[in-house]
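Letter by letter, the chains look like this.
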Amino acid sequence: MLTGKKILLGITGSIAAYKSIVLLRLLIKAGAEVKVILTPSAANFVSPLTLSTLSKNQVLSDLYEENSWANHVMLGRWADVFIIAPASCNTISKMACGQCDNLLLAVYLSATCPVILAPAMDEDMWKHPSIIDNLNRLKTFGNEIIPVTNGELASGLFGDGRMAEPEVLLQHLENALRKTQELKGINALVTAGPTQENLDPVRYISNRSSGKMGILIALELQSRGANVQLVLGPSTIEVKAGIVVTNVVTAEDMYKACEPLINDASIIVMAAAVADYAPEISASQKIKKSEDVTTLNLKQTKDILKTAGTLKTDQQVLVGFALETENEKANALKKLSSKNADMIVLNSLNEEKAGFEKHTNTITIFDKKGSEFHFDNKPKSEVAKDIVNCIIQYRHE
């Protein structure tokens with residue numbers, strides 16, 4: 001699996017850096033080509049000479065040396081996978097905030113490959129709310145976080161925070177590379193975010209969708225090798241490079257953007273919260289307040305999911321979403337049938353930690369073959385993996 005693969009190994013300032021030498025040895029033994037990047041403080045824990053001797057490549061640390069500079073963009077595109085082990089508290093914080101004050105961070109921000117982090121720190125740091133928030137944010141970027149283990153820490157205490165062992169890290173690398181091949185060459189279309197239906201130049205009708213769930217599904221499909229087209233309604237979430245994004249505003253905009261892409265997509269995931277109704281008339285000037293009661297007349301928008309269900313072939317997989325408040329399963333199954341979808345992802349507003357404006361979600365997936373899969377509440381990045389896993393399983397049945 002690793003023979004001929006190009007691995008970037010990032011090492012940050014942590015006592016756990018000694019394990020990175022063992023990981024490097026395992027990677028070379030498995031036939032991988034490895035380039036090592038050190039943060040400035042990492043050199044206090046491991047020797048660049050040792051790492052360059054084992055990797056047979058120059059160890060990189062500085063953005064520039066004398067009259068030359070390290071091409072971080074090319075490094076970020078060179079690798080098949082980038083693993084940062086150990087990932088210190090300081091580096092995790094900088095990554096989450098988009099800081100770029102050393103070569104490792106510059107390469108991370110330029111990387112187009114899967115990125116894996118193996119954190120290492122003391123238990124109190126590991127459980128601090130700021131670290132938890134930073135790791136959750138990095139997950140939303142599509143990064144994989146390898147769980148820490150419990151044991152003796154550098155402080156002499158026992159608890160959570162130990163970096164996973166090199167053999168475990170190796171397995172995660174193999175899994176990441178295997179995933180990049182699962183959907184290689186497959187075209188995928190994903191919709192995400194809300195739509196905004198204009199009342200006038202100032203006001204609009206919309207909903208609370210942030211677009212996070214759909215964006216994470218797009219990222220997960222891309223990480224499995226798919227060529228992803230994302231049609232995105234208004235959202236403040238940045239999308240990782242490599243995904244083709246079409247920004248839209250209204251339901252009509254989204255329909256026009258999606259229709260020509262449907263036939264070429266083997267996987268279609270309609271995760272956007274598209275408005276069912278729009279104002280019949282959008283005023284050209286701001287509507288002034290008056291004492292008269294104003295009646296708002298609405299018209300139905302075009303049904304993008306139903307259109308996709310009408311156009312799709314048996315070789316395509318169409319996934320819709322159902323956000324329900326009552327009769328949840330019955331309504332989801334009705335939608336599955338009426339839209340001619342292959343799968344429906346049900347999530348409920350009755351769940352405290354699910355739905356719009358949440359970092360987590362609880363879903364049940366129904367498919368037209370009669371299968372039902374329930375998943376407990378978890379971060380939306382993990383939910384995206386569950387959805388993509390179900391799509392892959394459905395395609396192979």
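Residues numbered from 1 in each chain as written. Predicted model: local features only at pLDDT ≥ 70, side-chain atom pairs only at ≥ 80, totals over all residues. Heavy atoms only, no water.

Considerations on the sheet that holds strand 20 (residues 360–367)
Hydrogen bonds between backbone atoms are what pair the strands of a sheet, whose relative direction is either parallel or antiparallel.
Here's step 1: What the eight strands build is an open sheet, ordered 14-13-10-15-18-19-20-21; its pairing is mixed. A single partner strand is all that each edge strand has here, and the edge strands are strand 14 (244–247) and strand 21 (372–379). Averaged over neighbouring strand pairs, the angle between their axes works out to 15° when direction is ignored.
Here's step 2: Running over the sheet, helix 9 (residues 212–223) touches strand 10 (187–192), strand 13 (227–232), strand 15 (267–270), strand 18 (317–324) and strand 20 and is turned about 165° from strand 10.
Here's step 3: Lying on the sheet, helix 11 (residues 304–311) is in contact with strand 15 and strand 18; it crosses strand 18 at an angle near 155°. (Pairing = 2+ DSSP bridges. Helix = DSSP H or I, 4+ residues; strand = E, 2+ residues; numbered from the N terminus. Axes fitted to C-alpha atoms, helices over the stretch in contact; angles between N-to-C directions. Contact = heavy atoms within 4.5 Å.)

So, the pattern of salt bridges
Here's step 1: Considering all chains together, one arrives at 15 salt bridges under this definition.
Here's step 2: As a salt-bridge pair, arginine 203 and aspartate 200 come within 2.6 Å of each other at their nearest N and O atoms.
Here's step 3: Looking at arginine 203, the relative accessible area reads 34%, which means it is partly exposed.
Here's step 4: On the basis of relative accessibility, which here comes to 2%, the residue aspartate 200 falls in the buried class.
Here's step 5: Here lysine 378 ties to aspartate 386 by a salt bridge, and the two come within 2.9 Å at their closest N and O atoms. (Salt bridge = Lys/Arg side-chain N within 4 Å of Asp/Glu carboxyl O. Buried < 20%, exposed > 50% of the residue type's maximum accessible area, 1.4 Å probe, protein only.)

Regarding the environment of lysine 256
Here's step 1: Note on placement: lysine 256 falls in helix 10 (residues 251–258).
Here's step 2: Remark: the alpha-carbon pair of lysine 256 and asparagine 340, spanning 84 residues in sequence, is separated by 20 Å.

Examining helix 2 (residues 48–55)
Here's step 1: If you check the start of helix 2, you find a side-chain oxygen 3.1 Å away from the backbone N of leucine 49, and it comes from serine 47.
Here's step 2: One or two steps after helix 2, the chain reaches lysine 56, where phi turns positive at roughly 60°. (Polar contact = N/O pair within 3.5 Å; in protein donor to acceptor, adjacent residues only side chain to side chain.)

Here we look at the packing of helix 1 (residues 18–29) against helix 2
Here's step 1: Taken N-terminus to C-terminus, the directions of helix 1 and helix 2 make an angle of 10°; their axes are 10 Å apart at the nearest point. As summarised for this structure, helix 1 and helix 2 are arranged roughly parallel, according to the angle between their axes. Where helix 1 approaches helix 2, its residues Ile21, Leu24, Arg25 and Ile28 are matched on the opposing element by Thr50, Leu51, Leu54 and Ser55.
Here's step 2: Partitioning the contact of helix 1 with helix 2 into residue classes produces five nonpolar, two polar and one charged. (Parallel < 35°, antiparallel > 145°, perpendicular 65-115°, else oblique. Nonpolar A, V, L, I, M, F, W, Y, C, P; charged D, E, K, R; others polar.)

Overview of unusual backbone geometry
Here's step 1: Cis geometry is adopted by the peptide bond preceding proline 86, which originates at alanine 85 and carries an omega value of 0°.
Here's step 2: Relative to the elements of secondary structure, proline 86 occurs in strand 5 (residues 81–87).
Here's step 3: With phi around 45°, asparagine 327 is a residue other than glycine that occupies positive phi space.
Here's step 4: Topologically, asparagine 327 is positioned in the loop between strand 18 and helix 12 (328–338).
Here's step 5: Relative accessible area serves as the criterion here: at 57%, asparagine 327 is assigned to the exposed category.

Brief notes about the packing of helix 9 against helix 13 (residues 380–396)
Here's step 1: The N-to-C vectors of helix 9 and helix 13 enclose an angle of 55°; their axes lie 8 Å apart at closest approach. The angle between helix 9 and helix 13 places the two elements in the oblique class. The handedness of the crossing between helix 9 and helix 13 comes out as right-handed. Contacts from Lys212, Met213, Leu216, Ile217, Glu220 and Leu221 in helix 9 reach Lys380, Ser381, Val383, Ala384, Lys385, Ile387 and Val388 in helix 13.
Here's step 2: Considering only residue class, the contact of helix 9 with helix 13 consists of eight nonpolar, one polar and four charged. (Left-handed = near helix turned anticlockwise from the far one by under 90°.)

Some remarks on the environment of aspartate 367
Here's step 1: Looking at where aspartate 367 falls in the secondary structure, it is placed in strand 20.
Here's step 2: Separated by 231 residues in sequence, aspartate 367 and asparagine 136 have C-alpha atoms that sit 30 Å apart.
Here's step 3: Sequence-distant contacts of aspartate 367, that is, excluding residues within four places in its chain, are made with Leu336, Asp342, Met343, Phe373 and Tyr394.
Here's step 4: Separated by 2.8 Å, the side chain of aspartate 367 and the backbone nitrogen of lysine 369 make a polar contact.

As for the nonpolar core
Here's step 1: Core analysis: the biggest nonpolar cluster contains 36 residues, and Ile217, Leu221, Val269 and Ile387 have the highest contact counts within it.
Here's step 2: Taken together, the elements giving at least two residues each to this core come down to strand 10, helix 9, strand 13, strand 15, strand 18, strand 19 (343–348), strand 20 and helix 13.
Here's step 3: For this core, the element with the highest residue contribution is helix 13, accounting for eight residues.
Here's step 4: In contact with isoleucine 387, other than residues within four places in its own chain, are Ile217, Phe321, Val345, Ile363 and Ile365. (Core = buried A, V, L, I, M, F, W, Y, C linked by side-chain atoms within 4.5 Å.)

Thoughts on the packing of aromatic side chains
Here's step 1: For the structure on display, the rule yields zero aromatic pairs.
Here's step 2: Over the ring of tryptophan 78 we find lysine 35; its NZ or CZ atom is 4.5 Å from the centre of that ring.
Here's step 3: One cation-aromatic arrangement involves lysine 369 over tyrosine 394; the distance from NZ or CZ to the ring centre is 4.1 Å. (Phe/Tyr/Trp six-rings, centres within 6.5 Å; stacked < 30°, edge-to-face > 60°. Lys NZ or Arg CZ within 6 Å of the ring centre and 35° of its normal.)

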